[in-house]
Amino acid sequence: FGIHTLLVVAVTLSPVTATAQSDNDVTGEDVYPPLWDLAPENLLDFPVKDNKIVISAWNYQDRLGMYKSLINASAKYFTAFGPQNSGNILWGLPLQHGWQFRTGRLADHSGVTSCGYENGELLCQSVRSWWSCMNYYLAIIPFLGAVEAGLFGQLPYEIEILPPEEQKDDFCYSVKDCWSRMPKLMDDWKAFFEVNKHKAVNSASFKLDDALGLMWKAHTTSIAYALPKFQDRLKYLSDPEANFGEAWANAVDFIAATHFSTDLLTTNNFQAFLPQRMLVEGDVLPSISDFSPEQNKVLVSLRALNKANKLTGGLLLKLWQKAMSTEAGRKMGRKLIESLVSS
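Quick notes on the rules
Residues numbered from 1 in each chain as written. Predicted model: local features only at pLDDT ≥ 70, side-chain atom pairs only at ≥ 80, totals over all residues. Heavy atoms only, no water. Phe/Tyr/Trp six-rings, centres within 6.5 Å; stacked < 30°, edge-to-face > 60°. Helix = DSSP H or I, 4+ residues; strand = E, 2+ residues; numbered from the N terminus. Buried < 20%, exposed > 50% of the residue type's maximum accessible area, 1.4 Å probe, protein only. Lys NZ or Arg CZ within 6 Å of the ring centre and 35° of its normal. Pairing = 2+ DSSP bridges. Core = buried A, V, L, I, M, F, W, Y, C linked by side-chain atoms within 4.5 Å. Domains from an automatic or database assignment. Contact = heavy atoms within 4.5 Å. 1 Å grid on protein atoms, 1.4 Å probe; cavity = no way out; pocket = protein on both sides within 12 Å on 5 of 7 lines; lining within 4 Å. Points joined across faces, edges and corners; volume = space filled by probe spheres on them. Nonpolar A, V, L, I, M, F, W, Y, C, P; charged D, E, K, R; others polar. Disulfide = S-S within 2.5 Å.

Colleague: Could you give me a rundown of the packing of aromatic side chains, with the residues and numbers involved?
Modeller: Under the definition given, this model contains 22 aromatic pairs. Ring centres of Tyr60 and Phe101 lie 3.8 Å apart, and the angle between their planes is 5 degrees; this geometry places the pair in the stacked category. Pair noted here: Tyr60 is in helix α2 (residues 60-73) and Phe101 is in helix α3 (residues 92-102), with a separation of 41 residues, a long-range link. Like Phe101, Tyr60 is buried. Ring geometry for Trp99 against Trp131: centres 5.5 Å apart, planes inclined by 85 degrees, an arrangement best described as edge-to-face. Taken as a pair, Trp99 in helix α3 and Trp131 in helix α4 (residues 130-136) lie far apart in primary sequence, 32 residues in all. Its guanidinium or amino end placed over the ring of Trp58, Arg63 lies 5.0 Å from that ring's centre, counting from NZ or CZ.

Here it is as structure tokens:
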């Protein structure tokens, strides 16, 4: 039962089921996160105060600017994998963040402030948003890990991340602060950038599968650290949305094991199957009328996968990770998924 369920879920999550986009579509505006053109291009585009580059992590545009600077600075590692930096595997991070922004998931769902709403502060990201807090550990930590790894070279200033107005102890705000409070997370992200930097010098030793392995290791470590920390933020969400958030976090572990490629086009194809609005009370799967059949199917599959993994005490994930533990296994897993999709 478990493996069959897993394969069904894997099929629904496979980007192969989406209509493939050609390389010519890379420049289409809709493939980039909202407001991508307005985000800072590099670190020196952020304001400098008291000899520090100051970044507001609770402003969507600033957080997007951190991603943009990461994408631009790491472009040299991924030139062989797609034109115009489209093969960069870091695209998954800003594109996920853009989906969260576009669907209203970064706003204050407690009703206390107008943070994140069109009639309030649209670009504000709420510290009461579960999605925004989870994303902090997939934005600020990778960014500071890259700074520490020397991705941006020798910077003339230190970096300072501005804290939110409340719940300040849940986050860290500088390279030094993050190293002292969450060394494992920083270490994993720093390793991703350092290994790529080292191997890019000798392009013959640069393997995309290795880079994806390191990236997903850091990614899943960040989520595992943040999940228990922000459990209390789920109370501000509807039950269907909270259940989806938890199921999504669980699914990332399964996706990570396959070294799923998170380049620009693959991620965009994949995200077409995610819910394009917040789930609300009254949304009943698998028949949410304003969602496509595929979106309903993915939500059902994510829920089933999460339940099955919980019922087996995590054994389902361990079996899957074991099956995906070699490059040949991962390749076989992806081929099996593709053959199931095409049959």
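Colleague: Please provide a residue-by-residue account of the pairing of strand β3 (residues 158-162), values included.
Modeller: Of the two faces of β3, the one lined by Ile159 and Ile161 is fully buried and the one lined by Glu158, Glu160 and Leu162 carries no buried residue. As judged from the five bridges shared by strand β2 (residues 52-56) and β3, these two strands associate in the parallel manner. Residue pairing for β3: Ile53 is matched across the bridge by Ile159.

Colleague: Which residues make up the nonpolar core, and what values do they have?
Modeller: Membership of the largest hydrophobic core comes to 98 residues, with the highest contact counts inside it found for Phe143 and Ile161. Sort the elements by how many residues they give to this core and helix α9 (residues 239-257) lands first, with 11 residues. Both domain 1 (31-236) and domain 2 (239-342) contribute no fewer than three residues apiece to this core. Contact partners of Phe143, with chain neighbours within four places excluded, come to Leu43, Ile55, Met66, Ser69, Leu70, Phe152 and Ile159.

Colleague: Requested: an account of empty space enclosed by the protein, with residues and values cited.
Modeller: Enumeration according to the criterion identifies two cavities of 30 Å³ or more in this entry. In this model, the largest cavity occupies a volume close to 360 Å³. Mapped onto the lining of the largest cavity, the elements with two or more residues apiece are α3, α4, α8 (208-229), α9 and α10 (264-271). The element contributing the most residues to the lining of the largest cavity is α9, with five residues. Residues that form the lining of the largest cavity fall into these classes: 16 nonpolar, nine polar and no charged. Structurally, the lining of the largest cavity is a two-domain feature, drawing no fewer than three residues from each of domain 1 (31-236) and domain 2 (239-342).

Colleague: How would you explain the state of the cysteines if you had to name every residue and give the values?
Modeller: Every disulfide links exactly two cysteines, by a covalent bond between their sulfur atoms. Here the structure, examined in full by the defined rule, presents two disulfides. Paired through a disulfide, Cys115 and Cys124 show a sulfur-sulfur distance of 1.9 Å. Disulfide Cys115 to Cys124: torsion about the S-S bond roughly -95 degrees, handedness left-handed. The residue that forms a disulfide with Cys172 is Cys178, at a sulfur-sulfur distance of 1.9 Å. Disulfide Cys172-Cys178: the torsion about the S-S bond is 95 degrees, which places it as right-handed. For the chain, numbering the cysteines in disulfides from first to last along the sequence yields the connectivity 1-2, 3-4.

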